[in-house]
Amino acid sequence: MITLRGVTKRFGDRTVLKGVDLDVAKGEVLCLIGGSGSGKSTMLRCINGLERHDEGEITVGGVRVDAAGLPAIRRRVAMVFQRFNLFPHRTVLDNVIEAPVHVHHEPPDQARARAIDLLARVDMADHAHSLPSALSGGQQQRVGIARALALRPEAILFDEPTSALDPERVGEVLRVMRELAEEGMTMLIVTHEIGFAREVADRVAFVDQGVIAEQGAARDVLTAPQAARTAQFLARVLHKDG
Amino acid sequence: MIGFVNDAQAFLPVLLRGLLVTLELTVCALTLSLALGVVWVVMGRARFAPWRWVSRTVITVVRGIPIIVQLFFIYFVLPDWGLDLPPFLAGVIGLGLAYSVYQAENIRGGIGAVDKGLIEAGEALGMNRMTLWRRVVLPLGLRHALPSIGNTMVMLLKDTSIASTITIAELTREGQLLAISTFKNGSVYALIALLYLAASLPLSGLVRTLERKGRLA
């Protein structure tokens, strides 16, 4: 469903991605782990064109990610941001119907009914008429997920969705993501939640210095890493968690 | 003092009529200045280079010419070219155009303060440039710009007095006419000053309120 072939990305003279190959199958949950600055977020942002890759090819459902393909890509792929990025001047409900109504011209009544259902799914229907500033981080992120789902995406990109949350709010967001995974949504998740990755991900890819150093079944990579760099990283992260 | 009270009673009806025109002029010129200000900013960011060039040129030229000269040009020179505008309309266009370059600066500042993440969120939702501007950049940018737009509005209120020079019967001109015919310069100009002050105080209060609200947004 999502394919990267020899993707490179440079910021100035710093090369952030150095020829990345990656495949995400339909219905698959793939977690990208790795240290900060390893390029995992950049990889995600190249897939929906928030960053333009310099070399190589990215396709989503057979459509190439380039200027011509972007509108189609952004219909198929939604994104959930680390800092939620809800529109602060619009209510929760209006955030969710923003793209259906103002990008895809769905009738407002229909979009609203759908949005209420989506908000109920993330347990936020009671806050439909609140402004984002009145919500906790965990609540905002759940609205962010509802807003992504409103696009009826074929895949969702999660860019460190729980990194900006208070520890006690992480669980409620991971619960929603786990439900999505069980329903068969294709998910590409940049995360530091190793426990979540082990439990929910079909596959884990360890990103280091702009390349995928190791990838495989979540259990294998996370419990018996083959690459020394993966082992070091996991020891560091798990030690911090424990 | 008793003399001033008597003068005030005699002059206020005329001056209040002038104040009303001043307020009308302020509101109309403000609206035009904001609309044009948005146009200069949007053109200044266009991909098509000539639009950017037009925006830069207009801002440079308009900012470099005194407002009174712009008003004279619109009111006294344009008729020579066949465009004969009534004084009030000429005043609105002149002040609106002159102030649009300051509003453009305010709006540009406000837009610069819009969180980049929100623009990315709009892009990720599939918005094209036009939708992004209409739904995200402008509404949020204007919100950030409200305090400085409010300040500019107070300046505009006072600068409408320049329109007295093209025969618009606003506060300053009504006052001048009274002063010339009664020789009571002291009373008349004191009253004018008080009326401008009275009109600008609520605006200044509004600016403070907007600044408070702006912090919440």
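Preceding block: the structure.
Residues numbered from 1 in each chain as written. Chains lettered and ligands numbered in written order. Predicted model: local features only at pLDDT ≥ 70, side-chain atom pairs only at ≥ 80, totals over all residues. Heavy atoms only, no water.

Comments concerning the pairing of strand E3 (residues 29-33) of chain A
Residues and elements named next belong to chain A. Heads up, the condition is: Using a 1.4 Å probe on the protein chains alone, a residue whose accessible area is under 20% of its type maximum counts as buried, one over 50% counts as exposed, and one in between counts as partly exposed. What counts as a helix is a DSSP run of H or I of at least four residues, what counts as a strand is a run of E of at least two, and both are numbered from the N terminus. Pairing between two strands requires that DSSP report at least two bridges joining them.
E3 sits mainly inside the fold: five of its five residues count as buried. The side-chain alternation of E3 yields two buried faces, one formed by Val29, Cys31 and Ile33 and the other by Leu30 and Leu32. Sheet topology note: the E3/strand E8 (residues 186-190) ladder contains four bridges and is parallel. Its bridge partner being in E8, Leu30 is matched across the sheet by Leu188. With four bridges connecting them, E3 and strand E9 (residues 203-208) associate as parallel partners. When the sheet's bridge partners are listed, Ile33 is paired in E9 with Phe206.

Describing the pattern of salt bridges
Note the threshold: Salt bridge criterion: a side-chain nitrogen from Lys or Arg within 4 Å of a carboxyl oxygen from Asp or Glu.
With the rule as written, the count across this model stands at 24 salt bridges over all chains. Notably, a salt bridge pairs Glu172 of chain A with Arg169 of chain A, separated by 3.2 Å at the nearest N-O pair. You can see Glu172 of chain A and its partner Arg169 of chain A sitting in helix H6 (residues 167-182), three residues apart, about one turn around the helix. Here the salt bridges share partners, and the residues they tie into one network are Arg45 and Glu51 of chain A together with Glu120 of chain B.

Quick word on the packing of helix H3 (residues 92-102) of chain A against helix H5 (residues 137-149) of chain A
Residues and elements named next belong to chain A. The line we're drawing: Fitted lines through C-alpha atoms give the axes, limited to the stretch in contact for helices. The angle between two N-to-C directions lies from 0 to 180 degrees. Here is the rule for angles: anything less than 35 degrees is roughly parallel, anything more than 145 is roughly antiparallel, 65 through 115 is roughly perpendicular, and the remaining ranges are oblique. Take the far helix as the reference: if the near one is turned anticlockwise from it by less than a right angle, the crossing is left-handed, and if turned clockwise, right-handed. By definition in these notes, contact holds between two residues if any of their heavy atoms fall within 4.5 Å. Three classes are used: nonpolar for Ala, Val, Leu, Ile, Met, Phe, Trp, Tyr, Cys and Pro, charged for Asp, Glu, Lys and Arg, and polar for all others, with Gly counted as polar.
As a packed pair, H3 and H5 sit with axes 8 Å apart at the nearest point and diverge in direction by 30°. Relative to H5, H3 is oriented roughly parallel. Considering the relative orientation of H3 and H5, their crossing is right-handed. Taken together, the residues of H5 that come into contact with H3 (itself represented by Val92, Asn95 and Val96) are Val143, Ala146 and Arg147. Broken down by class, the residue content of the contact of H3 with H5 amounts to four nonpolar, one polar and one charged.

Description of the sheet that holds strand E6 (residues 77-80) of chain A
In a beta sheet, neighbouring strands pair by backbone hydrogen bonds and run either parallel or antiparallel. All names here are of chain A. The strand order across the open sheet formed by six strands is E6-E7-E8-E3-E9-E10, and the pairing between neighbours is mixed. Looking at which strands have only one partner, the edges of the open sheet turn out to be E6 and strand E10 (211-217). Pairs of neighbouring strands in the sheet enclose a mean axial angle of 15°, with direction left out of account. Running at roughly 170° to E6, H5 makes contact with E6 and strand E7 (155-159) of the sheet. Across the sheet, H6 lies against E3, E7 and E8, angled at about 145° from E8, the strand it touches most.

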